[in-house]
Amino acid sequence: MINGLLVDTQYCTGCYTCEIACRNEKEIPAGQWGIKLNQVGPFCVSEEEDKFIWNYTPMVTELCDLCADRVAAGQKPACVHHCLADALEYGPLSELVAKMEAKGERAYLMIP
Ligand code: SF4
Ligand code: SF4
């Protein structure tokens, strides 16, 4: 069974907690990441009201092992556990693909 992470960008607030949780859980070398938050934007959505939006897109790297030790112990991956916005979900690809399709363009899968 192949597992992965599902990201729902509608809920991601760009808080960086997933990066920190991963770094606390794993021995990630300085200057590298297990999961890296990317910021896209800002895009101006209203010049009159001076409104801008940012899109946040977390992405796992080759250093991510999907928290194999935590999962084996019955826990969620550290990044998923600590994401207060509930923007990350761990599980088998077969389930995550169905959820991603239901969410539409706002969601994507990550498989390290
Ligand atoms: S995925 Fe969750 S923890 Fe990571 S930046 Fe987005 S809201 Fe924060
Ligand atoms: S699943 Fe574990 S190793 Fe992978 S990014 Fe999340 S915290 Fe880091």
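Residues numbered from 1 in each chain as written. Chains lettered and ligands numbered in written order. Predicted model: local features only at pLDDT ≥ 70, side-chain atom pairs only at ≥ 80, totals over all residues.

Chemist: An account of the site of ligand 1 is requested, with residue identities and associated values reported.
Modeler: The environment of ligand 1 is made up of 14 residues, and the closest members are Cys 12, Cys 15, Cys 18, Cys 83 and Ala 85. Across the shell around ligand 1, the residue classes tally to 11 nonpolar, three polar and no charged. (Near = placed C-beta within 6 Å. Nonpolar A, V, L, I, M, F, W, Y, C, P; charged D, E, K, R; others polar.)

Chemist: Let's hear about the environment of Cys 12: which residues, and what values?
Modeler: Relative to the helices and strands, Cys 12 is located in the loop between β1 (3-8) and α1 (17-25). Look at Cys 12 and you get buried, because 20 C-beta atoms sit within 10 Å. Separated by 72 residues in sequence, Cys 12 and Leu 84 place their C-alpha atoms 9.1 Å apart. Ignoring anything within four residues of it in the chain, the contact list for Cys 12 reads Val 7, Tyr 56, Pro 58, Ala 85 and Ala 87. (Helix = DSSP H or I, 4+ residues; strand = E, 2+ residues; numbered from the N terminus. Buried ≥ 20, exposed ≤ 12 C-beta atoms within 10 Å, placed from the backbone. Contact = placed C-beta atoms within 7 Å.)

Chemist: Give me the lowdown on the environment of Arg 23, citing residues and values where you can.
Modeler: Mapped onto the elements of the fold, Arg 23 is located in helix α1. Since 17 C-beta atoms lie within 10 Å of it, Arg 23 is described here as partly exposed. Residues Arg 23 and Ile 2 lie 21 residues apart in sequence; the distance between their C-alpha atoms is 24 Å.

Chemist: Describe the site of ligand 2, and please don't skip the residues or the numbers.
Modeler: Surveying the vicinity of ligand 2 reveals 14 residues, the closest of which are Cys 22, Gly 34, Cys 64, Pro 77 and Cys 79. For the shell around ligand 2, the secondary structure elements donating two or more residues are α1 and α3 (78-82). Top contributing element to the shell around ligand 2 by residue count: α1, with three residues. Here the residues of the shell around ligand 2 sort into 10 nonpolar, one polar and three charged.

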